[in-house]
Amino acid sequence: MPHIITKIERTNPADIAALSKFGSATIHEAQGRLGALSSRIKPIDRSMSVCGPAFTVVSAPRDNIMLQLAIHYAQAGDVIVVSSGEYEEAGSFGDVLGNACVAKGIAGVVTDTGVRDTAELIALGLPVFSLSVCIKGTVKETLGQINGNIIVGGVEVRPGDAIRGDADGLVTVLREDAAEVAKKSQEREDAEAGFIAAYKSGRTIIDVCNLEAVLKAKGLTTDL
């Protein structure tokens, strides 16, 4: 049955701000290599970056009526996340709806279908992540749901959970884990900064990453 839920529990804004400081890959690794959406869903421009609570939508393929309703009900700072059956041959979102999003302060759009008017969307500055770019139009016929748990890019996304996207991909973080994941992401970045400093000082990868014992156990000698 179609249903619309407008009141959801969103990730704490402070946790969103903390997560936004880290790349999607860092967050994915920091939370145990969880939450990464399919790499097929990409930003329409590599400079695009987004982080916010997910406002989830189920939309029928080649139909964007539910996406339009989602734009109506979403709040400023939300990232609209659309599950549309991984249908590539439709342009369900373009510059007109992009302007509607910007006017409301919506942080970005993620969809497992196609978008169009990409030059205009890029100029608009709205972060858009999609499965494809397609000029084919859509209808407004089939009702679906807003703010239920959905599957996008092979990952379950709950309404209000954090979603972080950048040039490398998209990752979702459970809202109740967001603060801890941000902390672990910082720890990971600090450790990686230490690795880079060690390499610049002349230490080797085998030394820095403690690979010698591992390689010897596999029968590989590191002696030259």
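So, here's what we can say about the structure. Not measured: the values here are computed from a predicted model.

Re unusual backbone geometry
Stage number 1. Look at D117: it is not a glycine, yet its phi comes out positive at around 55°.
Stage number 2. Note that D117 resides in the loop between strand 5 (108-115) and helix 5 (118-124).
Stage number 3. Positive phi is not limited to glycine here, since N210 has a value of about 55°.
Stage number 4. Assignment of secondary structure puts N210 in the loop between helix 7 (205-208) and helix 8 (212-217).
Stage number 5. What makes N210 exposed here is its relative accessible area of 59%.

Here's the deal with the pattern of salt bridges
Stage number 1. Scanning the entire structure with this criterion turns up 12 salt bridges.
Stage number 2. The closest approach of N and O atoms between R40 and E88, which form a salt bridge, is 2.8 Å. Residue R40 is found in the loop between helix 2 (24-30) and strand 2 (42-43), and its partner E88 is found in the loop between strand 4 (79-83) and helix 4 (95-104); the two are separated by 48 residues along the sequence.
Stage number 3. Judged by its relative accessible area of 39%, R40 is partly exposed.
Stage number 4. The exposure class assigned to E88 is partly exposed, which follows from its relative accessible area of 34%.
Stage number 5. Here E212 ties to K216 by a salt bridge, and the two come within 3.2 Å at their closest N and O atoms. Of the two residues, E212 and K216 both sit in helix 8, 4 residues apart, roughly one turn of that helix.
Stage number 6. E212 sits in the partly exposed class, given a relative accessible area of 35%.
Stage number 7. Residues joined by salt bridges that share partners form a network here, namely E9, R158, D161, R175 and E176.

Describing helix 4
Since the α-helix packs 3.6 residues into each turn, any two residues three or four apart lie on the same face.
Stage number 1. Taken together, the buried positions of helix 4 are occupied by L97, G98 and C101. Along helix 4, the residues classed as buried sweep out an arc of 105° about the axis, all on the same side. Across helix 4 from its buried face, at more than 90 degrees, point the exposed residues V96 and A103.
Stage number 2. Contacts made by the buried residues of helix 4 are with helix 3 (65-73), strand 5 and helix 5.
Stage number 3. Backbone geometry just after helix 4 places G105 at a positive phi near 80°.

Here we look at the nonpolar core
Stage number 1. Counting 22 residues, the largest nonpolar core has I71, I80 and F93 as the members making the most contacts within it.
Stage number 2. Looking at this core, the elements with two or more residues in it are strand 3 (50-58), helix 3, strand 4, helix 4 and strand 5.
Stage number 3. The contacts of F93, once residues within four sequence positions are left out, are L67, I71, G98, C101, V109, G114, V115, R116, L121, L126 and V128.
Stage number 4. The next biggest cluster of nonpolar side chains, apart from the first, holds 15 residues, and it includes L37, I41, V81 and F129.

Criteria and cut-off values
Residues numbered from 1 in each chain as written. Predicted model: local features only at pLDDT ≥ 70, side-chain atom pairs only at ≥ 80, totals over all residues. Heavy atoms only, no water. Helix = DSSP H or I, 4+ residues; strand = E, 2+ residues; numbered from the N terminus. Buried < 20%, exposed > 50% of the residue type's maximum accessible area, 1.4 Å probe, protein only. Salt bridge = Lys/Arg side-chain N within 4 Å of Asp/Glu carboxyl O. Arc of directions from axis to C-beta. Contact = heavy atoms within 4.5 Å. Core = buried A, V, L, I, M, F, W, Y, C linked by side-chain atoms within 4.5 Å.

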